[in-house]
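Here are the chains, one letter per residue:
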Amino acid sequence: MIGPMMDAWYPVALESRLGTNGRSTRLMDTPLHVARLNGGAIEIRTEDGRALPVRLRYGHVWTSLGAPTTDLFDIPEADQPGRRLVEVGVVRVRCSPLRAVENFLDIAHFPFVHTDILGAEPHTEVEKYEVEIREKEDEVWATQVKFYQPQAAKSASTGITTDYMYRVPAPTCSVLYKTCPARPGEWDVITLFVQPLAEDLCDVWPWMALFDDESPMTDLIHFQQMIFLQDRSILENQIPRLLPLDPGMEIPTRADLTSVAYRRWLKRHNYTYGAQLVAQ
Amino acid sequence: MKLYDYILSPSCYKIRLMASLLGVPLTLRPVDFHPGEEHLTPEFLALNPAGTLPILADGGLLLTETSAMLVHLATSAGPDWLARHDPQAAASEQQWLSFAHRLTASLGGARLCDMFQRPGDLASLQRQGIMALRELEVRLFEQRLRQQAFLASDRPTIADIACFPHVVLAPDGGISLDPYPSIRLWQRSIRGLPGFIEMPGIYRRHELSEEPDPDAANETAEQV
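The rules behind each value
Residues numbered from 1 in each chain as written. Chains lettered and ligands numbered in written order. Predicted model: local features only at pLDDT ≥ 70, side-chain atom pairs only at ≥ 80, totals over all residues. Heavy atoms only, no water. Helix = DSSP H or I, 4+ residues; strand = E, 2+ residues; numbered from the N terminus. Buried < 20%, exposed > 50% of the residue type's maximum accessible area, 1.4 Å probe, protein only. Expected span 1.5 Å × (residues − 1). Contact = heavy atoms within 4.5 Å. 1 Å grid on protein atoms, 1.4 Å probe; cavity = no way out; pocket = protein on both sides within 12 Å on 5 of 7 lines; lining within 4 Å. Points joined across faces, edges and corners; volume = space filled by probe spheres on them. Nonpolar A, V, L, I, M, F, W, Y, C, P; charged D, E, K, R; others polar. Buried area = accessible area lost by both parts, 1.4 Å probe. Salt bridge = Lys/Arg side-chain N within 4 Å of Asp/Glu carboxyl O. Polar contact = N/O pair within 3.5 Å; in protein donor to acceptor, adjacent residues only side chain to side chain. Domains from an automatic or database assignment. Disulfide = S-S within 2.5 Å.

What follows is about unusual backbone geometry. With an omega of 5 degrees, the peptide bond running from Glu121(A) to Pro122(A) counts as cis. Positionally, Pro122(A) belongs in the loop between helix H2 (110-113) and strand E10 (130-134). With an omega of 0 degrees, the peptide bond between Leu53(B) and Pro54(B) qualifies as cis. Mapped onto the fold, Pro54(B) is located in the loop between helix H2 (42-47) and strand E3 (55-58). At Asp29(A), a residue that is not glycine, the phi angle is positive and equals roughly 70 degrees. Along the polypeptide, Asp29(A) turns up in the loop between strand E2 (23-27) and strand E3 (30-36). In this structure Asp29(A) comes out as partly exposed when scored by relative accessible area, which is 45%.

What follows covers helix H3 (residues 66-77) of chain B. All names here are of chain B. The terminal C-alpha atoms of H3, which comprises 12 residues, lie 16 Å apart, in line with the 16 Å expected from a rise of 1.5 Å per residue. Buried within H3 we find Thr 66, Ser 67, Met 69, Leu 70, His 72, Leu 73 and Ala 74. Buried residues along H3 sit against helix H1 (10-22), E3, strand E4 (61-63), helix H4 (87-116) and helix H6 (158-168).

Any empty space left between atoms is shown by rolling a water-sized probe over those atoms. Residue and element names in this part refer to chain A. According to the stated counting rule, one finds 2 cavities of 30 Å³ or more in the structure shown. In this structure, the largest cavity occupies an estimated 310 Å³ of space. Lining the largest cavity are 30 residues; nearest its centre among them are Leu 118, Leu 176, Ile 190, Gln 224 and Ile 227. If you list the elements that add at least two residues to the lining of the largest cavity, you get helix H1 (97-105), strand E12 (160-170), strand E13 (173-179), strand E14 (187-198), strand E15 (201-210) and helix H3 (217-235). Among the elements that make up the lining of the largest cavity, the one with the highest residue count is H3 (6 residues). Grouping the amino acids of the lining of the largest cavity by side-chain chemistry returns 18 nonpolar, 6 polar and 6 charged.

Counting from both sides, the interface comprises 23 residues of chain B and, opposite them, 24 residues of chain A. Surface buried jointly by chain B and chain A totals about 1800 Å² across both partners, of which 51% is contributed by carbon and sulfur atoms. It is Pro35(B), Met115(B) and Gln117(B) that lose the most area in chain B upon contact with chain A, and together they represent 28% of the buried surface on that side. For the interface between chain B and chain A, the tally reads 4 salt bridges. When the shortest N-O distance is used, the salt bridge between Asp114(B) and Arg94(A) registers 2.3 Å. Applying the counting criterion to the chain B and chain A interface returns 14 residue pairs in polar contact (both at pLDDT 80 or more).

All names here are of chain B. Splitting chain B by domain gives domain 1 (2-81) and domain 2 (87-223). The C-alpha centroid of domain 2 is placed 21 Å from the C-alpha centroid of domain 1. Each partner contributes to the interface: domain 1 provides 24 residues, whereas domain 2 provides 28 residues. Both faces combined, the contact of domain 1 with domain 2 buries some 2200 Å², and carbon together with sulfur accounts for 68% of it. Considering only the side of domain 1, the residues that lose the most area to domain 2 are Tyr 13, Lys 14 and Trp 81, jointly responsible for 29% of the buried surface there. For the pair domain 1 and domain 2, the interface holds 1 salt bridge. Run the count over domain 1 and domain 2 and you get 10 residue pairs in polar contact (both at pLDDT 80 or more). Of all the elements in the fold, those that place two or more residues in the side of domain 1 that touches domain 2 are H1 and H3. Split into classes, the residues belonging to the side of domain 1 that touches domain 2 amount to 13 nonpolar, 6 polar and 5 charged.

Turning our eyes to something else, we now look at the state of the cysteines. Each disulfide consists of a covalent bond between the sulfur atoms of two cysteine residues. Scanning all chains against the criterion turns up 0 disulfides over all chains. Counting only cysteine sulfurs, Cys202(A) is the nearest neighbor of Cys95(A), a cysteine outside any disulfide, at a range of 3.9 Å. According to the relative accessible area criterion, Cys95(A) is buried, its value standing at 1%. Cysteine Cys113(B) remains unbridged, with the sulfur of Cys202(A) as its closest cysteine sulfur at 17 Å. Looking at Cys113(B), the relative accessible area reads 11%, which means it is buried.

So, in structure tokens, the structure goes:
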């Protein structure tokens, strides 16, 4: 059952790669077609001909199966001059869309999965950080996250302690802010936009807005693809396939506070497409 | 040597891996294969009309076939990687070097289809991939009976490097490697070679790198 996730916004194509053939895809088991019309406009219809709302933002084409009560979430940094906007491209993952987001929120796995890039042994400790569900914005936020990284970004040549902030503005989207090696005082923005195809299958569209005048665009794309592909093999082997929302299922540690808040927020809104409600 | 490279391509990784095992430095030129399809631009089609990656340039030499690149690297920097010592091994090396193309077409095709949604008949590619894996499993099993850990010989050759990446990444295309014990042992032999490098989905040989703690073993034994 889709439930209230029906009314959320989801990415369904990369605007720049949408040709005249369009893109036939799915959103939460509903087949749809993203069409590029003759004049260049974009139209989205379900298989039975129903027209869906279209938003073009952050390089992607967004839509919703229901009636969204709010517009697509804002990322103010996306409009900041001087940022390079990086379209990383789609990667299909056989996992729950919610698990894809949860993995993105986790830092404890860095030394083990992104070895010598985003983390390295013995620097495995996750220091205390702050997590809250911001009522006004209705978003999950983790702040004051710090982690030692051997190569935090394409533009980083040596190890640094990186500051992070995580934000979940929609059930299958997350925005990460991290120390910008090229411009201290600013945050690099790295997002994970997840298109749920089925409860255990998703198309993931990473996207970034970075300050980096040095690296060629292809290097920026490849850096992020390499990181995400390291996650992909982990995501496809997680058991159970659906994200458990029953607290009896797993024992979280302090490092998992963001995940705990994310799950609590999902549960509160009944965002359960891709979730397992009762321990099995 | 300059390699036109895509970090997630198993075929490009073959060349990076071979060069690293031989200690040959490469200059990498990253190509935006996905999502940009830079390899299909006129500039690249002029270099390689087949529109494939990798491409290796060395002086006046421009190679677009991975087998030729492996031969070139080994001939110039590590003749031990060529099975020239006996006619049977030399022929086997050629056999498995050519066989690698089937892995690229089937397992590699399934991976592109499944992961990046490139066009293709996924079920048929997976079927062909499984056929190829079964053939490889039989060969490696028989090689072990002959006390040989590698495809053509008792030591690794370019044929092993040609077959290795697409096999390890088969799960990316939805094909499990669980049914193939000989393939798993062979993989470990390669992952433990000095100079081995990783790519996403292909990792160092962690599981055999440390001795088990003898005290822990005793405790377990006592409990039993």
